[in-house]
Amino acid sequence: MQPSEITEILNRPISRELLARDLTRLAYVAEDGTPRAVPIAFFWNGSEIVMCTPRNAPKLPALRENPAVALTIDTEEHPPKILLLRGRAELVFAEGILEEFLRMNGSHVMTAEQRVTWEAEVRSLYDGMFRIVVTPTWAKLIDFETTLPTAVEELVRQREERKGRLEP
């Protein structure tokens, strides 16, 4: 997929809405070769998905071994809006608490007092964390109005072909 195609998809209003959410599902291959899909908070910085994780997270050795990942950001209502992304995870360790971590953890639903308590707890727990950065190399938006899953698009095309053959 060309970078311009990815940019076009990510700039669509529904994509921007999804990229402003708090949670994605990160899919990767674990060290034992089995698939994993884990919910994780994220921050979209305009060109990259940034996730943060503790230095002892089981996903880190797996991502070092195989950095290929897939991400899903979606809504719960029907029909769902779904943004599918693929890329490679880049891991960077940083001392202390990353600014992205503080920005991505639902602070908008905390009262000022809750935020102070939460941040103090975080600062007492973490002495550093890994930044997992994914630059999308593939993207697909599914909204079930203007875009469909690829398999459903194929079924629609086949149905139209059948109709065309049946019409005089």
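In the block above lies the structure referred to throughout.
All values reported here derive from a predicted model rather than from experimental measurement. For every chain, the first residue of the written sequence is number 1, and numbering continues from 1 onward in sequence order. Side-chain atom pairs in this predicted model are given and counted only at pLDDT of 80 or more, local residue features only at pLDDT of at least 70, and totals for whole chains, interfaces and linings cover all residues. The side-chain figures draw on all heavy atoms in the structure; neither hydrogens nor water molecules are used.

### Considerations on the sheet that holds strand β4 (residues 49–54)
In this scheme, strands are said to pair when DSSP sees at least two bridges between them. Runs of H or I in DSSP of at least four residues are treated as helices and runs of E of at least two as strands, each being numbered from the N terminus. Spatially, β2-β1-β5-β6-β7-β4-β3 is the arrangement adopted by the seven strands of the open sheet, whose pairing is antiparallel. Since the sheet does not close on itself, it has two edges, and those belong to β2 (35–41) and β3 (43–44), each with one partner. The pairing of strand β1 (residues 23–29) with β2 spans seven bridges and is classified as antiparallel. Opposite Val 29, over in β2, you have Pro 35 as the bridge partner. Seen against the sheet, helix α1 (residues 3–10) touches β3, β6 (82–95) and β7 (128–142) and runs at an angle of roughly 95 degrees to β7. By definition, residues are in contact when any of their heavy atoms lie within 4.5 Å. All axes are obtained by fitting lines to C-alpha atoms, using only the stretch in contact for helices, and the reported angles, taken between N-to-C directions, cover 0 to 180 degrees.

### Topic: the side chain of Glu 100
In this structure, Glu 100 sits in helix α4 (residues 99–104). Three labels apply to residues, based on accessible area from a 1.4 Å probe with only protein chains included: buried if under 20% of the type maximum, exposed if over 50%, partly exposed otherwise in between. A relative accessible area of 16% means that Glu 100 is categorised as buried. The contacts of Glu 100, once residues within four sequence positions are left out, are Phe 43, Val 50, Cys 52 and Arg 131.

### Quick notes on the pairing of β4
Counting buried positions along β4 gives five out of six residues, so the element sits mostly inside the fold. Where β3 meets β4, two bridges bridge the pair, whose relative direction is antiparallel. From the neighbouring strand, Trp 44 faces β4, where its bridge partner is Ile 49. A loop of four residues connects β3 with β4, the two strands running antiparallel in sequence, and Gly 46 in this loop sits at a positive phi of about 105 degrees.

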